[in-house]
Amino acid sequence: MTLDLAVVVSGGGSNLQSIIDRAEQGVLDARIRLVLSNNPEAGGLERARRHGLPLAAKAHQDFPSRLAFDQWMLERIREAGAATVALAGYMRLLTPEFLSAFGPDQVVNIHPALLPSFPGVHGQGDAAAYGVKLSGCTVHFVDEKMDHGPVIVQAAVPAVPGEDGASLGARILELEHRIYPQALQWLARGRLRLEGRHVHVSGAGDPATAAPVTGAYLVNPPLEMGF
Ligand code: GRF
């Protein structure tokens, strides 16, 4: 199946770009039906324009409530014919009303830390400041709590003592750009099965027998060809 995607951004949109690129290369079976933003200045919108993608942006501050903003997004998503939502640097919580319009496996997020460690908007900086030896990124289904839903894939990168969040974050971001399109492709192929908090990826290399490593980094489940 081909995913009919709405991608929601608040900032630069490099994760959006990685989704666009993989879709254009034909390794990700997705049509981006809409790029949405709560920030009309978001760099991601320029990326959408460059690729001729439909977009809609409004400042959330112009709405009377979070619910009103989410309802505006929902209407745009329905009009665009998108069925799956990929949050890509969207810096706000979604309301239960928004989420209940989708199945539990149709709204996906990427977070720049190894959840459940370091949720929130400063995942990279918080991990660097804490002095962890490994951090990374997580693609997960979205539920009503912040950075909390079932984990689809995680990638770990080493942290260097004394480095700041920007330095660690740059290393993490490279992996974000690989695991997010990969997770979406698994979703597109119907290979993700949710069982409580557990996400089974059918046909994925068994981490116990396959080497779940990409370059210097640990990714589980392992990345497949093209990602
Ligand atoms: C990424 O690190 C993403 O995980 C986080 O915010 C950053 C956004 O990057 N939620 P971009 O807008 O995709 O470039």
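Basis of the calculations
- Residues numbered from 1 in each chain as written.
- Predicted model: local features only at pLDDT ≥ 70, side-chain atom pairs only at ≥ 80, totals over all residues.
- Heavy atoms only, no water.
- Phe/Tyr/Trp six-rings, centres within 6.5 Å; stacked < 30°, edge-to-face > 60°.
- Helix = DSSP H or I, 4+ residues; strand = E, 2+ residues; numbered from the N terminus.
- Buried < 20%, exposed > 50% of the residue type's maximum accessible area, 1.4 Å probe, protein only.
- Salt bridge = Lys/Arg side-chain N within 4 Å of Asp/Glu carboxyl O.
- Near = heavy atom within 4 Å.
- Polar contact = N/O pair within 3.5 Å; in protein donor to acceptor, adjacent residues only side chain to side chain.
- Areas by Shrake-Rupley, 256 points an atom, 1.4 Å probe, with all protein chains shown as cover.
- 1 Å grid on protein atoms, 1.4 Å probe; cavity = no way out; pocket = protein on both sides within 12 Å on 5 of 7 lines; lining within 4 Å.
- Sits in = over half its atoms within 2 Å of the grid points.
- Axes fitted to C-alpha atoms, helices over the stretch in contact; angles between N-to-C directions.
- Parallel < 35°, antiparallel > 145°, perpendicular 65-115°, else oblique.
- Left-handed = near helix turned anticlockwise from the far one by under 90°.
- Contact = heavy atoms within 4.5 Å.
- Nonpolar A, V, L, I, M, F, W, Y, C, P; charged D, E, K, R; others polar.

### What to know about the packing of aromatic side chains
Logical step 1: Taken as a whole and judged by the stated rule, the model has five aromatic pairs.
Logical step 2: Ring centres 5.6 Å apart and planes at 65° place the aromatic pair Phe 118 and Tyr 130 in the edge-to-face group. Here Phe 118 is found in the loop between β5 (107-111) and α5 (123-130), whereas its partner Tyr 130 is found in helix α5, with twelve residues between them in sequence.
Logical step 3: Residue classification places Phe 118 among the buried residues on the basis of a relative accessible area of 17%.
Logical step 4: The exposure class of Tyr 130 is exposed, given its relative accessible area of 64%.

### Here we look at the pattern of salt bridges
Logical step 1: One pass over the structure, following the stated rule, counts nine salt bridges.
Logical step 2: Between Asp 4 and Arg 31 there is a salt bridge, with the nearest N and O atoms lying 3.0 Å from each other. Placement of Asp 4 in strand β1 (residues 3-9) and of Arg 31 in strand β2 (residues 30-37) is noted, with a sequence separation of 27 residues between them.
Logical step 3: Residue Asp 4 pairs with Arg 33 through a salt bridge whose shortest N-O separation is 2.8 Å.

### Some remarks on the site of the ligand
Logical step 1: Near the ligand the following residues occur: Gly 11, Gly 12, Gly 13, Ser 14, Asn 15, Gly 89, Met 91, Ile 110, Pro 112, Gln 124, Leu 173 and Glu 176.
Logical step 2: Note that an oxygen atom of the ligand is positioned 2.8 Å from one of the backbone N or O atoms of Gly 13.
Logical step 3: In this structure, an oxygen atom belonging to the ligand sits 2.8 Å away from a main-chain N or O atom of Asn 15.
Logical step 4: Coverage of the ligand by the protein amounts to 84% of the 360 Å² it exposes when considered alone.
Logical step 5: Given that more than half its atoms are within 2 Å of the pocket grid, the ligand belongs to the largest pocket.
Logical step 6: Sorting the residues of the shell around the ligand by element identifies α1 (14-25) and α6 (165-188) as the ones contributing at least two each.

### Structural notes on the packing of α1 against helix α2 (residues 43-50)
Logical step 1: Closest axis-to-axis distance for the α1/α2 pair is 9 Å, and the angle between their directions is 20°. In terms of orientation, α1 lies roughly parallel with respect to α2. Viewed along their axes, α1 and α2 form a crossing whose handedness is right-handed. Between α1, through Ser 14, Leu 16, Gln 17 and Ile 20, and α2, the contact on the second element is made entirely by Gly 44, Arg 47, Ala 48 and Arg 50.
Logical step 2: Its residues assigned to classes, the contact of α1 with α2 comprises three nonpolar, three polar and two charged.

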